[in-house]
Every structure is written in structure tokens, then in C-alpha cells.
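Residues per chain are reported as follows:
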Amino acid sequence: MHRSRTVRQLFILSGLTICSISDGFIFGQMSGMVDDLRGKENGLSLNDDDVSWIASTVNATCIVGFMLAGVVTEKVGRRRAIAFLSVPMILTWIMVYFASNFATFIASRVILGISYGGVILLTYVTTAEYTTIKQRAVFLTIVTAVGPSVGTSVGHILSILMHWRTVALIGIIPTALSTILPLFWVESPSWLASRGRFDECVTAYRELHGRKEVTEVELRLLVNFEKTKQNDFTPNKTFYLSVLEKITSAFKHLYFWKITLLVAVICVYRVAGGRVLYNTLAITMLQEITGNPNILLFTLLVDGFIVTGSILPLYLFRKMKTRTLLFSFGLTSNFALIVLSACLYYIPRDNVYFAWVCSSLLAFYFIIAYAGPYAVLELLLAELYPLELKSFCTFFFGTFAGFATFLSVKLAPRMFACMGYHGVFLLNSSIVFLCLGYLWFYLPETKGRTLQEIELYFRNGEFDNETDLKIEQNECDDLVA
């Protein structure tokens, strides 16, 4: 039984990781495609403004994907929603392969953005719900950091070695697996509990985690907490009226606005940190920064450090608190970005060491950023949403993040032209310092806490372990006995 549970957990983890690799591959392939479309591709008449729209549209239309994911997942569950929203990605890879004009490229980006937006947020939410306290940080790091980094790096390297149309066809493989594998998972126990299907929740939870004393405590807390919340709302309402009642109720409470501000700051940090911007324009950026069109070695250096930085949190989360990891590595990476900005400004471009110094500093920045702040921020985005409002929060905060990311990618070429890379990096580091200051005062330590305990913290202003875990006397205990 223990071996079968382990196999089941690894099967789900591998499926979620493939989903994230597929998502990362999108930006890796797009980086090579965007670079070639800027005057290198024969038979295509696209100007720089056309190319900037192609590069940034995914980040704008993913907003629709957030909304669609919220509706679909509430209706059919987590696993079927991921499978359903992955299907259009296959179509977009085919469209890119045959694309010969601006309209086809934009149409593929619109469809891809909707599909990508839904899948990426569902993988974050689902990973947090499928894991226990001890597993959550490690599993989320694999899915939200290692997977996308590997996918992006493979996309970058293949786009340098092959034509971007060929790379688009290769992208069909992980996307097809993302469509098929979720259909064989157990449904999320948290989703089942939020829908009032407590018997199925208990069965699914025990299939995943067994009946150990620790996991039984977590199960009781999940069932009892969700049953208590559902008693606060009017029964027998339609799906949409029930969701509207929960949203209206949340708006009246301070805890919701605390979470709103925290997540907004986290989203700004992620955009200013340049993760999506770099993934989208990596090849172009490295060519312009180094002044060398032969950037395979530089790409291997930077992407190798990114993948390494994505793997490091698997160890660091076991040894360090999340706040310690965020602030120590966040400050270090930000200072590295400032040093890179200074080097770009003061070191002459014809210096023999210029290319290697700048690419090495960029690589160092990303290994520290991925090992610390990026990993922690992705973890927090999966932990902070209240369960009954996850669909709404996914859409609301995802819309904000998607719009901010769209602006950063769309305006990047003009900002690089006006301010230079050194100016943009310095501006981004200033924004990150402000975000770190806010998080220092208002972000709690979430390591070792269940999702329900984290939600209770924002409701009550403190972690009250005695209240949280006095669940044996609850009327629902017979259900999980």
C-alpha cells in the first residue's frame, strides 16, 4: 500500500512537472522565434512593433485564461480542467509551424495565452492541494521553478541549434502529455472538500497520503474547516450565486484585503525581477549585451545557472525558513543586478572581458534569484489564496500579474532603447527593494503550516495552534474516523 501511494504521488508530480516544462518551453521557443523575426526570417515582412506584439500578446490574453480556468475548475475539478485547457496549445504549435503572416502569429499567441494562463495557475493551485505540509515546498519548487526553467532552457538551446518552426513541432510532445496524464490522477481532496463532497475528499486524501497520524490531523483540519465555512453560506444556491455570495462576504473582511496587497506586491516583484522578460527575450538580450551573435556558450552559462538555481531550493527549503530564504537571497540577487547595471554603464563594450563579465553577472543574478525569491514567491502564490475563493483570486490576481507582465514585455524594447539595459536593470532593482520592504513587515512565516492555518492567520492576525488543532471534538470527526 505504501509503495502504491508513493507511485501515485510520483505519477501526479511528474504530470504536473511536464505541464510546467511545456509552459516554460513556450517562452524558450518564442525567444528564438522573436529573434529571427527581427529581420532574419526570409519571406516575412514584420517590423519591430509587430514583433513586440507577438512577444507580449501571450501575457495579455492569459488574463482570459485565468477567468476560464476559474470557471472550468469549479465545474469539473482540477485534473480535468488542466487536461481541457492544454488541448488548445497543441493547435497553437501547429499554427506557428505554418505561420506566414502577422495575423496568424497573433491568432496563435491569443489562443496560446488563454490556454497557458489557465494551465499555469491550475498547476500552482493543484500542486499545493495535492501535497502535505512536509511535501509542499519541495513539490512546488519542482513544479513552479525546476520544470519551467528546464523547459525554457531546452527551448533556448533548441532555438539556437534549429529553426524555430522545427522547435514548435517538438513543443507538441510535452503539451500532448500535459493533456493526457491528468486524466489518470486522483481528484484534489481540497477541491472535493470545497464542493461539499467530504466522503470523496477523505477517500482521495487517504489514497494519496495514507492514514498516518500526521496526515489524519491535516485531513480533519481540512474537512472541519471547510464544513464550518460552508455553514456560513446560504445552502441550495446555484453555482454562480454561491460564488458571488462568497466574494461579497470576503470583500467585507480585512483578511481578504491583507492577502490582496501581499499578492499584488508579490506579482510586482516577479515582474520587476525579470523572469518572464528574460525568458521571452533572452537570445536577443544576450546578443545585444555581449555584442556577439554567437551566443550558444553564453546561453548555456546563463540557462545552466538558472536550472541550478531552480534545483537549489529543494535543499534550501529543508534548511531555512521561507522568510530567511526570501530576504537573504532577494537582497543578494538585487545587489548583483545593480553591479551588472554598473558594469554595463562603465565598462567599455570593446573590452575583451566585457561579454563574459556581463553574462557571468547575469548568470549569478539568476542562480540566486531562482534559488531564493522566485522559489519563495511561487510557493506563496500557491499558499495564500483562501480555498473557497481560489477561482476568483486566481482570476483577479492573475489579471493584474498578466497585465503587468504584458506591459513589461511590450515596452521592453523601447525602454532598452531609451534607458539602456543598465537603466532598466537599475529601475527594476529599485522596485524590488520596495517590494522586499513591504514583505518584511507583512509577510508571515508559512513553513510548516497547513493551508487552513495560513488562512486562519490572516483572519485572526496570529497563528493559534491550540484553536486550529482542537478538531477531535468537531461534529465532522465521525466522517474521517
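Our subject is the structure that appears above.
Analysis parameters
Residues numbered from 1 in each chain as written. Predicted model: local features only at pLDDT ≥ 70, side-chain atom pairs only at ≥ 80, totals over all residues. Heavy atoms only, no water. Helix = DSSP H or I, 4+ residues; strand = E, 2+ residues; numbered from the N terminus. Buried < 20%, exposed > 50% of the residue type's maximum accessible area, 1.4 Å probe, protein only. Contact = heavy atoms within 4.5 Å. Areas by Shrake-Rupley, 256 points an atom, 1.4 Å probe, with all protein chains shown as cover. Core = buried A, V, L, I, M, F, W, Y, C linked by side-chain atoms within 4.5 Å. Salt bridge = Lys/Arg side-chain N within 4 Å of Asp/Glu carboxyl O. Expected span 1.5 Å × (residues − 1). Bend = angle between axes of the 7 residues up to and from the residue. Patch = residues over 30% accessible without salt bridge, like charges linked within 9 Å, V, L, I, M, F, W, Y side chains within 5 Å. Polar contact = N/O pair within 3.5 Å; in protein donor to acceptor, adjacent residues only side chain to side chain. Axes fitted to C-alpha atoms, helices over the stretch in contact; angles between N-to-C directions. Parallel < 35°, antiparallel > 145°, perpendicular 65-115°, else oblique. Left-handed = near helix turned anticlockwise from the far one by under 90°. Nonpolar A, V, L, I, M, F, W, Y, C, P; charged D, E, K, R; others polar. Phe/Tyr/Trp six-rings, centres within 6.5 Å; stacked < 30°, edge-to-face > 60°. Lys NZ or Arg CZ within 6 Å of the ring centre and 35° of its normal.

Chemist: I'd love a proper account of the overall build of the protein, names of residues and values included.
Modeler: If you tally the helices and strands in the protein, you get 21 helices and zero strands. The buried share of the protein, reckoned over its 481 residues, is 59%. Relative to all contacts within the protein whose residues are 6 or more apart in sequence, the contacts with residues 24 or more apart total 83%. Accessible surface, the protein: about 19,700 Å² in total, of which carbon and sulfur atoms supply 65%.

Chemist: If you had to explain the environment of Leu407 to someone new, which residues and values would you point to?
Modeler: Turning to its location among the elements, Leu407 is positioned in helix 18 (residues 390-442). Distance from Leu407 to Ala60, taken between C-alpha atoms, is 8.4 Å for residues 347 residues apart in sequence.

Chemist: Before we move on, could you go through the nonpolar core and cite the residues and values that matter?
Modeler: Counting 76 residues, the largest nonpolar core has Leu37, Phe105 and Phe366 as its most contacted members. At eleven residues, the largest contribution of residues to this core is made by helix 1 (residues 2-37). In contact with Leu37, not counting residues within four places along its chain, are Leu44, Leu46, Val51, Ile54, Phe105 and Trp164.

Chemist: Can you break down the pattern of salt bridges residue by residue, with the values?
Modeler: Scanning the model with the defined rule gives eight salt bridges in all. Between Arg78 and Glu129 there is a salt bridge; the shortest N-O distance is 2.8 Å. Of this pair, Arg78 sits in helix 3 (residues 78-98) while Glu129 is found in helix 4 (residues 102-130), placing the two residues 51 residues apart along the sequence. The salt bridge partner of Arg79 is Glu187, with a shortest N-O separation of 3.8 Å. Residue Arg79 is located in helix 3, and its partner Glu187 is located in the loop between helix 7 (172-180) and helix 8 (189-194); the two are separated by 108 residues in the primary sequence. Residues joined by salt bridges that share partners form a network here, namely Asp49, Lys410 and Arg414.

Chemist: Could you give an account of helix 2 (residues 48-76), naming the residues involved and the relevant values?
Modeler: For helix 2, with 29 residues, the first-to-last C-alpha span of 42 Å sits near the 42 Å given by 1.5 Å per residue. Along helix 2, the sharpest kink reaches roughly 45 degrees, centred on Ser56. Of the residues one or two after helix 2, Gly77 is the one with positive phi, at around 100 degrees.

Chemist: Quick rundown of a nonpolar patch on the surface? Include the residues and the values.
Modeler: The grouping of Val64, Met67 and Val71 at the surface amounts to a nonpolar patch, some 220 Å² of accessible area in total. When you line up the elements, Val64 lands in helix 2.

Chemist: Hey, could you go over the side chain of Thr322 for me, with residue numbers and the actual values?
Modeler: Relative to the assigned elements, Thr322 resides in helix 16 (residues 322-346). For Thr322, a relative accessible area of 4% corresponds to the buried category. In terms of polar contacts, Thr322 uses its side chain to reach the side chain of Glu445, at 2.5 Å. Apart from the residues lying within four places of it in its own chain, the contact partners of Thr322 are Phe317, Val376, Leu379, Glu445, Thr446 and Lys447.

Chemist: An account of the side chain of Arg165 is needed here, citing residue identities and associated values.
Modeler: Tracing the backbone through its elements, the reader meets Arg165 in helix 6 (residues 164-170). Judged by its relative accessible area of 17%, Arg165 falls in the buried class. A distance of 2.7 Å separates a polar side-chain atom of Arg165 from the backbone oxygen of Ala99.

Chemist: Explain helix 19 (residues 451-460) to me, using residue names and the numbers behind them.
Modeler: Owing to its 3.6 residues per turn, the α-helix brings residues three or four apart onto one side. Buried residues dominate helix 19, accounting for seven of its ten residues. When we look at burial in helix 19, the residues that qualify are Leu451, Gln452, Glu453, Ile454, Glu455, Leu456 and Phe458. Phi for Gly461, located one or two positions after helix 19, is positive at around 85 degrees.

Chemist: I'd like a rundown of the packing of helix 3 against helix 7, residues and numbers included.
Modeler: One way to put it is that helix 3 packs onto helix 7 with a least axis distance of 8 Å and a crossing angle of 160 degrees. Comparing the axis directions of helix 3 and helix 7 gives the class roughly antiparallel. The two elements helix 3 and helix 7 cross, and the hand of that crossing is left-handed. Of helix 7, the residues touching helix 3 (which contributes Ile82, Ala83, Ser86, Val87, Met89, Ile90, Trp93 and Ile94) are Ile172, Thr175, Ala176, Ser178 and Thr179. Taken together, the residues that form the contact of helix 3 with helix 7 break down as nine nonpolar, four polar and no charged.

Chemist: Describe the packing of helix 2 against helix 4, with residues and values.
Modeler: At a minimum axis separation of 5 Å, helix 2 and helix 4 run at an interaxial angle of 40 degrees. In this view, helix 2 runs oblique relative to helix 4, as classed from their interaxial angle. Seen from above, helix 2 lies across helix 4 with right-handed handedness. Across the contact of helix 2 with helix 4, the residue classes tally to 18 nonpolar, seven polar and two charged.

Chemist: So, the environment of Asn47: which residues are in play, and what are the values?
Modeler: Within the element layout of this structure, Asn47 appears in the loop between helix 1 and helix 2. Of the residues examined, Asn47 reaches a relative accessible area of 43% and is grouped as partly exposed. Taking the C-alpha atoms as reference, Asn47 lies 9.9 Å from Phe102; in sequence the two are 55 residues apart.

Chemist: So what's going on with the environment of Tyr315? Which residues, and what values?
Modeler: Note on placement: Tyr315 falls in helix 15 (residues 313-319). Spatially, the C-alpha atom of Tyr315 lies 8.3 Å from that of Val138, the residues being 177 residues apart in sequence.

Chemist: Report on the packing of aromatic side chains, specifying residues and quantitative values.
Modeler: By the definition in use, this model includes 17 aromatic pairs. Taking 5.7 Å as the distance between ring centres and 50 degrees as the angle between the ring planes, the aromatic pair formed by Phe105 and Trp164 counts as tilted. Taken as a pair, Phe105 in helix 4 and Trp164 in helix 6 lie far apart in primary sequence, 59 residues in all. Exposure class is identical for Phe105 and Trp164. Each is buried. Seen from their ring centres, Phe327 and Trp440 are 5.1 Å apart, and the 70 degrees between their planes marks the pair as edge-to-face. Taken together, the residues span a long stretch of sequence, with Phe327 in helix 16 and Trp440 in helix 18 at a distance of 113 residues. Phe327 sits in the buried class, given a relative accessible area of 7%. Using a relative accessible area of 49% as the deciding quantity, one classes Trp440 as partly exposed. Here a set of aromatic residues connected by ring pairs shows up, and it is made of Tyr365, Phe366, Tyr370 and Tyr374. Over the ring of Trp440 we find Arg323, and its NZ or CZ is 5.2 Å from the ring centre. The ring of Trp53 is capped by Lys410, whose NZ or CZ atom sits 4.7 Å from the centre of that ring.

Keep in mind these numbers describe shape, not what the thing actually does.
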